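Spelled out from the first residue to the last, the chains are:
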Amino acid sequence: MVPKDLEYCRFLYVTRMRLKMRKDQAIFMSVDNRLPAASKTMGSIHKTNASEDGFLYVTYAFENTFG
């Protein structure tokens, strides 16, 4: 459902826009309890972290920020 060449940082951006998050909210997404490098592509993250069923499971959390 996500292009393989999409960078992780861009994936976060697109997700923020689709969820219509406020500017004072942050979203964190981890894969296998780690934050992927922003420059990694979703394809490379999937390749190294996909579950046995072929899916990539991402855990997310929202946090309020100041500013």
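Residues numbered from 1 in each chain as written. Predicted model: local features only at pLDDT ≥ 70, side-chain atom pairs only at ≥ 80, totals over all residues. Heavy atoms only, no water.

K.L.:
Please provide a residue-by-residue account of the pairing of strand β1 (residues 25-31), values included.
P.N.:
For β1, a buried count of 5 out of 7 residues is recorded, marking the element as mostly surrounded by other parts of the structure. Sheet topology note: the β1/strand β2 (residues 58-64) ladder contains 7 bridges and is antiparallel. Along β2, the bridge assignment pairs Ala-26 with Glu-63. (Buried < 20%, exposed > 50% of the residue type's maximum accessible area, 1.4 Å probe, protein only. Helix = DSSP H or I, 4+ residues; strand = E, 2+ residues; numbered from the N terminus. Pairing = 2+ DSSP bridges.)

K.L.:
I'd love a proper account of the packing of aromatic side chains, names of residues and values included.
P.N.:
The tally for this structure, following the rule as stated, stands at 2 aromatic pairs. With 6.4 Å between their ring centres and 50° between their planes, Phe-55 and Tyr-57 make a pair best called tilted. In terms of burial, Phe-55 and Tyr-57 fall into one category: exposed. (Phe/Tyr/Trp six-rings, centres within 6.5 Å; stacked < 30°, edge-to-face > 60°.)

K.L.:
Tell me about the nonpolar core, and please be specific about residues and values.
P.N.:
Within the largest apolar cluster, 10 residues are counted, these being Leu-6, Tyr-8, Phe-11, Leu-12, Met-21, Ile-27, Met-29, Val-31, Met-42 and Ile-45. Residues contacting Met-21, with those up to four places away along its chain left out, are Arg-16, Ala-26, Ile-27 and Phe-62. (Core = buried A, V, L, I, M, F, W, Y, C linked by side-chain atoms within 4.5 Å. Contact = heavy atoms within 4.5 Å.)

K.L.:
Before we move on, could you go through helix α1 (residues 8-19) and cite the residues and values that matter?
P.N.:
Helix length check: α1 (12 residues) gives 16 Å between terminal C-alpha atoms against 16 Å at 1.5 Å per residue, within 8%. As for α1, its buried residues are in contact with β1 and α2 (42-49). Looking one or two places after α1, you find Lys-20, whose phi comes out positive at around 55°. (Expected span 1.5 Å × (residues − 1).)

K.L.:
Tell me about a nonpolar patch on the surface, and please be specific about residues and values.
P.N.:
Side chains of Tyr-13, Val-14 and Met-17 sit close together on the surface and give an oily, nonpolar patch of about 260 Å² of accessible area. Of note, Met-17 is situated in helix α1. Residue classification places Met-17 among the partly exposed positions, given a relative accessible area of 46%. (Patch = residues over 30% accessible without salt bridge, like charges linked within 9 Å, V, L, I, M, F, W, Y side chains within 5 Å. Areas by Shrake-Rupley, 256 points an atom, 1.4 Å probe, with all protein chains shown as cover. Salt bridge = Lys/Arg side-chain N within 4 Å of Asp/Glu carboxyl O.)

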